[in-house]
Structures are given as structure tokens and as C-alpha cells.
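Below, each chain spelled out in residue letters.
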Amino acid sequence: MQNTAFDQLICARWIIPVEQDGQVLENHAVGVRNGRIVAILRPEEIAGASAAEHINLPQHVLMPGLINLHGHSAMTLLRGMADDKALMDWLQNHIWPAEGKHVSDAFVFDGALLAMGEMFRSGTTTINDMYFFHAAMARAGLAAGMRTFVGCSILEFPTVYGQNADDYIAKGMAERQQFLGEELITFTLAPHAPYTVSDDTFRKVVTLAEQEDMLIHCHIHETLDEVNGSIDQYQQRPLARLAGLGLLSPRLIAAHMVHLSDEEIALVAKHGVSIAHNPTSNMKLASGIAPVQKLLAAGVNVGIGTDGAASNNKLDMLSETRMGALLAKVGTLDPTAVPAATAIRMATLHGAQALGIADKVGTVSVGKQADLIAVDLSAVETSPQFDPISHIVYAAGREQVSHVWVNGRAVLRERTLTTLNEAELKAKAEDWRVRILAK
Ligand SMILES: CSC[C@H]1O[C@@H](n2cnc3c(O)ncnc32)[C@H](O)[C@@H]1O
Ligand SMILES: [Zn+2]
């Protein structure tokens, strides 16, 4: 293997492969060919290796790209519009009226590119999104070079995008057709939430997901109001209702899942449901603290998401990973809850498992695609360097993310975006601010 020519040879002070918890390789290198990791070289093998491009990362961690398991990318354009509110007040009195006036194909394209710029700059390589105007989201993913899961949103009521559930489904499935051959783009079905989607529609979603082999992405058990509202309307908690409708399966990515009994945790474990944990959004909307430690102990696959920039307000998976580790501790009064290595695994491999792409990304392993990030630990803020795993979760900031590759393509090099123009992203955001204020 020593003399094989690679497209890229990435030599790093530390590699966190995430194959085994706590594992760190020192002074190793990753050989990439055709966008794929083809070798992990030991220190003594590096001198003999040749490559078209040598990337030296002498004080950096190289690790899998972060997987944002729940987001609404285009909501970057609504960032900071309505803060310090509870979920239903925030949605019904602020966000939905704003979306009704402004969301369009152009809004989604511009907002998604802004989001992707921010996400690359904080180490995210995959986004699992749900919003409106899906072709615009997919085009943004292709333009930016981000691995993009586009959730076809489904609601019962009219919005700028659809009239009723059947209309949302028909439009979403038609937009999906345009991107079927794109390796970076995968469409999912995204019924918004138990309080906005009927039994009939959930049944249709399950049937369609099975027919088309699609994932389902839905907000579930986000607030106590949601749970109590369901008891009033259906005489059942949302999860029991969804179980009866056949929604619980390994296809389902349930966003939030804050309010869960021990029986409900056992139920999601039994059905192989994955959970997208959104610690900052849950704190900011005062939704509550998800029982992540119990979920992990029950064997549930829990990944991490940012939610949208109007409820976070950052799309920073490095910060979200830290929040996930910290919130678990304060929620249980147990400092051992969600240790650093577990938090990293949640933000990488667990996200990949939820999305059914763990054979392709989520670890630094030979045979996987080179969705990788480098984090420079040479800063004052991350000195001294006893333990890179600790620093990634507890000390490093997104400004230390130096390089990001998706399928071996550098989308961030020395902190500079290569596929997106920062000045343009900011100018477009400002245009939208002016337009939104004028209406
Ligand atoms: C139909 S998907 C997009 C839809 O969801 C809204 N939204 C954003 N964040 C949340 C959240 O935390 N809970 C519920 N709904 C949310 C977004 O504004 C769109 O209308
Ligand atoms: Zn959400």
C-alpha cells in the first residue's frame, strides 16, 4: 500500500475514526482515491506514499463529517425574527405568518445556500432537512456539494407550497423525480407533526414510504402541549397513535422526542426508530430535556440536529454536540451521562445510521466516502492538548474547523468556502432582510 498513488493524502496529528469509542490514531494519514477512503496509513508508511495532493494537518484532528439530523435550512433567512417564545406562540403568531408572506423557490434556494455555508464552516457534511420548495433545496445541495436529505413536507392545511396533504405529497414526489440519479440528494417523506397531520395521511405516508423505500422524518413529542393536545383530541399520546398507524419502524426519524415515558422509550427501541435530538432548540423554546441517556441505554439510535436557525439560532453541529453532552448531564444530575466520545458518535455515526448511509459515511474507515473534517487545535482556546476527543466536544469552536470534504471534494479549505461565495451569501441575506421588512 505504501507506494500507491492517492488523489489526496491527508496527514493529521490525530484521527478520531469513531469506529470504536475513545479510539484516537496519532500521526496517521488517510489516503483518498475517487472520493473514497482507500487507506489509513501508519506513521512509518507515510513517507513512502505518493499523492497528487498532500494535505498536512500538523495540529489538527481529522474526523468524520458531522451529520445534522434535523434542520430547516432555509429558515436562516428568518434568524433572529422571533426569539424567546414557546413553540406554538413562535410558530402560529410569528413563523407561519412570515413563511406565508415570503417563502418561495428563491427564498428556499438562497436560504439553503446561506445555511450550507454556515454548516460547512462548522463541520457539517450531511443535512437531513424538511421544508418547502424541495427542488430548490436539492439544487442548493448540488450547488454547494453537501450531502442533502430533502424532506417533502406534508401538512393538512394550505401554505405557500401546498393546498392539502395529497397536494403536498404529489408535489414532493414530482420534485423528487428530477433528482433520482443524484448521489448527494435523497428525498424523504416529512409529515410535519402529529398535531398537523391526520390519521389518513399518516397511513398514506407509511404505504408510500414502503412502496418507494423512503425514510420518514417527523417532529414528535416536542412539547407537553403536543402530548396533552393529542390526549384531548385522540384520547391517546402521539406516540401511541402513531404506533397504531404503523409509523414506528427503522424508517422513522423522530425529531425532538422530549417527553417520553419509560414504556415509550421501550416502544421506540423495539421498533428501531431513530431520534434526532435538538438540544439547543429544545432549550430555547423551553420544550424540555430529552431523556437521551435512557434512550441510549435502551439501545435507541440517537443522532443530533440543530433544528432551524429561527429556533437555535446557530447551525453549528460542533456547538450542538457540546450542548447534547452538557444537557444530558444537567438533565440527569449525572456527570457521566453522554460522555464526549458518545456525543461524537451521536453527531456522526448515529446520524449516518438513522439515514441508512452508515455503509458510506459516519466513520473514518477504508471503503467509506471521504466525508471528513479537520479541526485545528493549535489555538489558545484548545491548549494544551491532553485529549482531542475532549477538545472536540468541550473546548473547540467552529472557527477552528479548517477543512471539510464531501466525497473527497474540499468544500472548505483553510476556512475558505470553495463552492460558495461568502460575500454573495451575505448580500443575498441582506436583500431578503430588506424585502421582508418592506412587506
Ligand atoms: C413542514 S416542515 C417545515 C415547517 O416546520 C416548522 N418548524 C420549524 N421548527 C419547528 C419545530 O421545532 N417544531 C415544529 N415545527 C417547526 C417550520 O417553520 C415550517 O413551517
Ligand atoms: Zn424542526
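A short tour of the structure in this document, coming up. Residue numbers run consecutively from 1 along every chain, following the written order of its sequence. Whichever chain is written first becomes A and whichever ligand is written first becomes 1, with later ones labelled in order. Local features are withheld for residues below a pLDDT of 70 in this predicted model, meaning they are given only at 70 or higher, and side-chain atom pairs are given and counted only at 80 or more; totals for whole chains, interfaces and linings count all residues. Heavy atoms from the whole structure form the basis of all side-chain values; hydrogens and water molecules are not counted.

## Some thoughts on the packing of aromatic side chains
Consideration 1: Two rings from Phe, Tyr or Trp (for Trp, the six-membered ring) form a pair when their centres are within 6.5 Å of each other. A pair whose planes differ by under 30 degrees is stacked, one over 60 is edge-to-face, and the rest are tilted. The tally for this structure, following the rule as stated, stands at 7 aromatic pairs.
Consideration 2: Between F179 and F187, the aromatic rings sit 6.0 Å apart at their centres with planes inclined by 20°, giving stacked as the arrangement. Like F179, the residue F187 is buried in the burial classification.
Consideration 3: These aromatic residues form a ring-pair network of at least three members: Y131, F132, F133, Y161 and Y168.
Consideration 4: The ring of Y161 has K171 lying over it, and the distance from NZ or CZ to the ring centre is 6.0 Å.
Consideration 5: When the ring centre of Y234 is taken as origin, the NZ or CZ atom of R241, which lies over that ring, is 3.8 Å away. Only protein chains enter the area calculation, which uses a 1.4 Å probe; residues under 20% of their type maximum are buried, those over 50% are exposed, and those in between are partly exposed. Consider the ring centre and the ring normal. A charge sits over the ring if Lys NZ or Arg CZ is within 6 Å of that centre and within 35 degrees of that normal.

## As for the environment of Q178
Consideration 1: Within the fold, Q178 resides in the loop between α5 (165–177) and β8 (185–191).
Consideration 2: Among the residues examined, Q178 registers a relative accessible area of 53% and is labelled exposed.
Consideration 3: Taking the C-alpha atoms as reference points, Q178 and A135, separated by 43 residues in sequence, lie 7.8 Å from one another. The way it works is that DSSP assigns letters per residue, a run of H or I at least four long becomes a helix, a run of E at least two long becomes a strand, and they are numbered from the N terminus.

## Regarding empty space enclosed by the protein
Consideration 1: Here a cavity denotes a set of grid points, spaced 1 Å apart and computed over the protein atoms alone, in which a 1.4 Å probe fits but from which it cannot get out, and a pocket denotes an open set meeting protein on both sides within 12 Å along at least five of seven lines; residues with an atom within 4 Å of a point are reported as lining. Grid points are joined across faces, edges and corners, and a volume is the space filled by probe spheres set on the points. Counted according to the given criterion, the structure contains 3 cavities of 30 Å³ or more.
Consideration 2: In this structure, the largest cavity occupies an estimated 240 Å³ of space.
Consideration 3: As for the largest cavity, its lining consists of 21 residues, and the residues nearest its centre are H72, M75, L91, H192 and H219.
Consideration 4: Counting only elements with at least two residues in the lining of the largest cavity, the list comes to α2 (87–102) and β6 (124–131).
Consideration 5: In this classification, the charged set is Asp, Glu, Lys and Arg, the nonpolar set is Ala, Val, Leu, Ile, Met, Phe, Trp, Tyr, Cys and Pro, and all remaining amino acids, among them Gly, are polar. Each residue belonging to the lining of the largest cavity can be placed in one class, and the counts come to 12 nonpolar, 6 polar and 3 charged.
Consideration 6: Its volume calculated, the second largest cavity comes out at about 50 Å³.
Consideration 7: Lining the second largest cavity are I16, V18, Q20, D21, G22, Q23, A341, I344, R345 and I389.
Consideration 8: The leading source of residues in the lining of the second largest cavity is helix α13 (residues 340–354), at 3 residues.
Consideration 9: A class-by-class count of the residues in the lining of the second largest cavity yields 5 nonpolar, 3 polar and 2 charged.

## Brief notes about the sheet that holds strand β13 (residues 372–376)
Strand pairing within a sheet occurs via backbone hydrogen bonds; the two strands may be parallel or antiparallel.
Consideration 1: When DSSP finds at least two bridges between two strands, those strands are taken to pair. The 8 strands lie next to each other as β3-β2-β1-β4-β13-β14-β15-β16, forming an open sheet whose pairing is mixed. Each edge of the open sheet carries a strand with a single partner, namely β3 (36–41) and β16 (416–417).

## Quick word on the packing of helix α12 (residues 317–332) against helix α14 (residues 388–395)
Consideration 1: Think of each axis as a best-fit line through the C-alpha atoms, taken over the contacting stretch in the case of a helix, with angles from 0 to 180 degrees between the N-to-C directions. Close contact between α12 and α14 brings their axes to 7 Å; oriented N to C, the two are set at 90°. The orientation of α12 relative to α14 falls into the category roughly perpendicular. Of the residues in α14, those touching α12 at L318, T321, R322, A325, L326 and K329 are I392, V393 and Y394.
Consideration 2: Residues that form the contact of α12 with α14 fall into these classes: 6 nonpolar, 1 polar and 2 charged. Should an angle fall under 35 degrees it is taken as roughly parallel, and over 145 as roughly antiparallel, whereas 65 to 115 is taken as roughly perpendicular and any remaining angle as oblique. We call two residues in contact when some of their heavy atoms are within 4.5 Å.

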